[in-house]
Amino acid sequence: MACTGAVATADGIDLELDGDEVLSATAAVGADGMWSALRRHLGVARPGYRGEWHAFRQYARNVGPLAAERLYAWFEPDFLPGYAWSFPVGDGDANIGFGILRGGRWPVSAMGALWREILARPHIRDVLGPDAELEGTVRAWPIPARADGLALTAGRALFVGDAAAAADPLTGEGIGQALATGRWAAEAILTHGDHPDAVSAHYERSVRQHLHTDHAMSQLLGRAIGHRKGARIAIGLAGLTPWTRRNFARWLFEDYPRSVITTPRRWHRGVLTGPGAYRDLAEP
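All values derive from a computational prediction rather than experimental measurement. Residue numbers here run from 1 along each chain, matching the order of that chain's written sequence. pLDDT decides what is reported in this predicted model: residues at 70 or higher carry local features, side-chain atom pairs at 80 or more are listed and counted, and totals for whole chains, interfaces and linings draw on all residues regardless. Derived side-chain values reflect all non-hydrogen atoms in the structure, with water molecules and hydrogen atoms excluded from consideration.

With respect to the nonpolar core
Alright, step 1. Core analysis: the biggest nonpolar cluster contains 23 residues, and Ile 13, Leu 38, Leu 42, Phe 159 and Tyr 203 have the highest contact counts within it.
Alright, step 2. Under the DSSP-based scheme used, a helix requires at least four consecutive residues in state H or I and a strand at least two consecutive residues in state E, with every element numbered from the N terminus. Those elements that provide at least two residues to this core are strand S2 (13-17), strand S11 (157-159), helix H5 (175-192) and helix H6 (196-224).
Alright, step 3. Beyond its immediate stretch of four places on either side in the chain, Leu 38 contacts Ala 6, Ile 13, Leu 15, Ala 28, Val 29, Gly 30, Asp 32, Ala 157 and Phe 159.
Alright, step 4. Counting 21 residues, the second-largest nonpolar core is a separate cluster that includes Phe 56, Ala 84, Val 127 and Ala 132. To qualify as a nonpolar core, a set must consist of buried Ala, Val, Leu, Ile, Met, Phe, Trp, Tyr and Cys residues joined through side-chain atoms within 4.5 Å. Residue burial is assigned from relative accessible area. The probe radius is 1.4 Å, only protein chains are included, and a residue is buried under 20% of its type maximum, exposed over 50%, and partly exposed in between. Contacts are assigned to residue pairs with any non-hydrogen atoms lying within 4.5 Å of each other.

What follows is the structure, given as structure tokens:
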């Protein structure tokens, strides 16, 4: 049921639901996305905020063997620090799309025209294959990536995932951050459930400790690869050896925390040699 209103009380929070039903709780977790109704009803929305990134994607069937088996990320010079991607979803299909940074050289309104031009680029056509066919409708959506710029709590309400603008500022990826912030919110409530100020403090401290340094590193690197020269240098360094290629890919897609090098508390044996999230499923 949708939340149509929310009121903070001395003992908790009252959520107004469809059908005039009211749900009272000692705490609420706002996992309701970029346009968080809970945030809006509690008066802590940021007027006019549209996120840092905008993404655009579609599915393709009958892709060639490259797109059917491998993940690709293309850092195209004309919309850096944005990038295009293709990754397999099984049965000869692929998820393909691209993302741009808001306020960059391409306005969001031009993404439809840019999409058609991207699909016609020879190096992308070579990966998708001659028989690839687009299917379904395109989908575009904003990506909020400023966890240090929005209120994370409002009384007994804690905001997580896109409602907390927790996505990575470098790539726009947000699933890992959504799961992590949800876990930290649950831990804060379970640890300090009877003390709302302690709940908020615990959760905000967890987000600062785990995300703010990583976001700052992502923003710095985003500025570096926002230009052709910076992107060329970064990709050149990443491709020096098989080890750098492997670990750059793992770092880019967040098998490692963004600022793992600058945060000694994260250093431990095997930090760069574990199997990772994208381990070979053929291994026993």
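A closer look at the pattern of salt bridges
Alright, step 1. Here, a salt bridge means any Lys or Arg side-chain nitrogen found within 4 Å of an Asp or Glu carboxyl oxygen. Enumeration according to the criterion identifies six salt bridges in this entry.
Alright, step 2. Arg 61 is the partner of Glu 133 in a salt bridge, and the nearest nitrogen-oxygen pair spans 3.1 Å. Of the two residues, Glu 133 sits in strand S9 (residues 133-143) while Arg 61 sits in strand S5 (residues 53-61), which places them 72 residues apart along the sequence.
Alright, step 3. Owing to a relative accessible area of 35%, Glu 133 belongs among the partly exposed residues under this scheme.
Alright, step 4. Salt bridges linked by common partners bring Glu 76, Asp 78, Glu 117 and Arg 121 together as one network.

A few points about the packing of aromatic side chains
Alright, step 1. Any Phe, Tyr or Trp ring, taking Trp's six-membered ring, that has another such ring centre within 6.5 Å forms a pair; planes under 30 degrees apart are called stacked, those over 60 apart edge-to-face, and the others tilted. Within this structure, the stated rule accounts for seven aromatic pairs.
Alright, step 2. On the basis of an interplanar angle of 55° and a centroid distance of 5.7 Å, the ring pair of Phe 56 and Trp 115 is categorised as tilted. A residue pair is termed long-range when its members are at least 10 positions apart, and Phe 56 in strand S5 and Trp 115 in helix H3 (residues 111-119) qualify at 59 residues.
Alright, step 3. Take Phe 56: its relative accessible area is 9%, and that puts it in the buried class.
Alright, step 4. Among the aromatic residues, those joined into a ring-pair cluster are Phe 56, Phe 79, Phe 98 and Trp 115.
Alright, step 5. Seen from the ring of Phe 159, Arg 39 lies directly overhead, with NZ or CZ sitting 4.2 Å from the centre.
Alright, step 6. Over the aromatic face of Trp 141 sits the side chain of Arg 139, whose NZ or CZ is 4.9 Å from the ring centroid. Sitting over a ring, as applied to charges here, requires NZ of Lys or CZ of Arg to be within 6 Å of the ring centre and within 35 degrees of the ring normal.

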